[in-house]
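One-letter residues, chain by chain:
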Amino acid sequence: LSRAVEAYPASAVALMRLGLLRELQGQFPEAERLYRAAVEAQPEHADAHFFLGRFLSASGRAEPAVSSLETALALGADGAVLRSTLAQALLSSGRSEDAARLARSALDLDPESEPALAVLEAASRELGRTAEADAAAGRLRDVRAVEPETPPGSVDERAVGSPD
């Protein structure tokens, strides 16, 4: 990937992929630099803004995350993951009403989105909407009960197939 970025320094896709690799390796400043370079290389690339916004949100920088994620949405990116990521950033920046609205719209696309249900529960509690919060919490429990998480370091046989 590093050679791809050297060969195609204006490729947002190559920069995002290398950024993701660096993020997974724990090289966070380098990951952020690469995500920002992807946005600078191709400012109209919606996914570049999404990757930067997702990273900023995960890094606790809600306001710049909201800006990047809203740009991704304005450029035509969409989906439950984008909407729930933006909803989380909005919630973190104190915009509970907007967060609840986006979480609901993410759930319209994916009714079992755990991040969207979690944001809807938290935003609804902050807004004093106990019934909506309790309903989201119940749905979240139901979703998690259907597909239990695989413990870290173990292999989910459904994903790789049975050894038989």
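Residues numbered from 1 in each chain as written. Predicted model: local features only at pLDDT ≥ 70, side-chain atom pairs only at ≥ 80, totals over all residues. Heavy atoms only, no water.

## Considering the overall build of the protein chain
Tallying secondary structure elements over the protein chain gives ten helices and zero strands in all. Split into buried and exposed, the 164 residues of the protein chain put 40% on the buried side. Long-range contacts, defined here as pairs at least 24 residues apart, represent 43% of the contacts in the protein chain between residues at least 6 apart. Surface accessibility of the protein chain: about 9,200 Å² in total, with carbon and sulfur atoms responsible for 53%. (Helix = DSSP H or I, 4+ residues; strand = E, 2+ residues; numbered from the N terminus. Buried < 20%, exposed > 50% of the residue type's maximum accessible area, 1.4 Å probe, protein only. Contact = heavy atoms within 4.5 Å. Areas by Shrake-Rupley, 256 points an atom, 1.4 Å probe, with all protein chains shown as cover.)

## Focus on the pattern of salt bridges
Tallying each qualifying case throughout the model produces 14 salt bridges. Asp78 is the partner of Arg83 in a salt bridge, and the nearest nitrogen-oxygen pair spans 2.7 Å. Accessibility expressed as a relative area gives 47% for Asp78, which makes it partly exposed. The residue Asp134 makes a salt bridge to Arg125 at a minimum N-O spacing of 2.9 Å. Accessibility expressed as a relative area gives 40% for Asp134, which makes it partly exposed. Among the ionic contacts, a cluster of salt bridges with common partners joins Glu70, Arg95, Asp98 and Arg101. (Salt bridge = Lys/Arg side-chain N within 4 Å of Asp/Glu carboxyl O.)

## Focus: the packing of helix H8 (residues 114-126) against helix H9 (residues 130-146)
Between H8 and H9, the least distance of the axes is 8 Å, while the angle of their chain directions is 155 degrees. For the element pair H8 / H9, the angle class is roughly antiparallel. Where H8 crosses over H9, the two elements pack in a sense that is left-handed. For the pair H8 and H9, the contacting residues are Glu114, Leu117, Ala118, Leu120, Glu121, Ser124 and Arg125 in the first and Thr130, Glu132, Ala133, Asp134, Ala136, Ala137, Arg139, Leu140, Val143 and Arg144 in the second. (Axes fitted to C-alpha atoms, helices over the stretch in contact; angles between N-to-C directions. Parallel < 35°, antiparallel > 145°, perpendicular 65-115°, else oblique. Left-handed = near helix turned anticlockwise from the far one by under 90°.)

## Describing the confidence of the model for the protein chain
Residue-level pLDDT values for the protein chain average 89, and 84% of them are 70 or greater. In the predicted structure, residues 154-164 sits below a pLDDT of 50 and forms seven contacts with residues beyond four places in sequence or in another chain. (pLDDT = per-residue confidence, 0-100.)

## Considering the packing of aromatic side chains
Considering all chains together, one arrives at three aromatic pairs under this definition. Taken together through their ring pairs, the aromatic side chains of Tyr35, Phe50, Phe51 and Phe55 make up a single cluster. (Phe/Tyr/Trp six-rings, centres within 6.5 Å; stacked < 30°, edge-to-face > 60°.)

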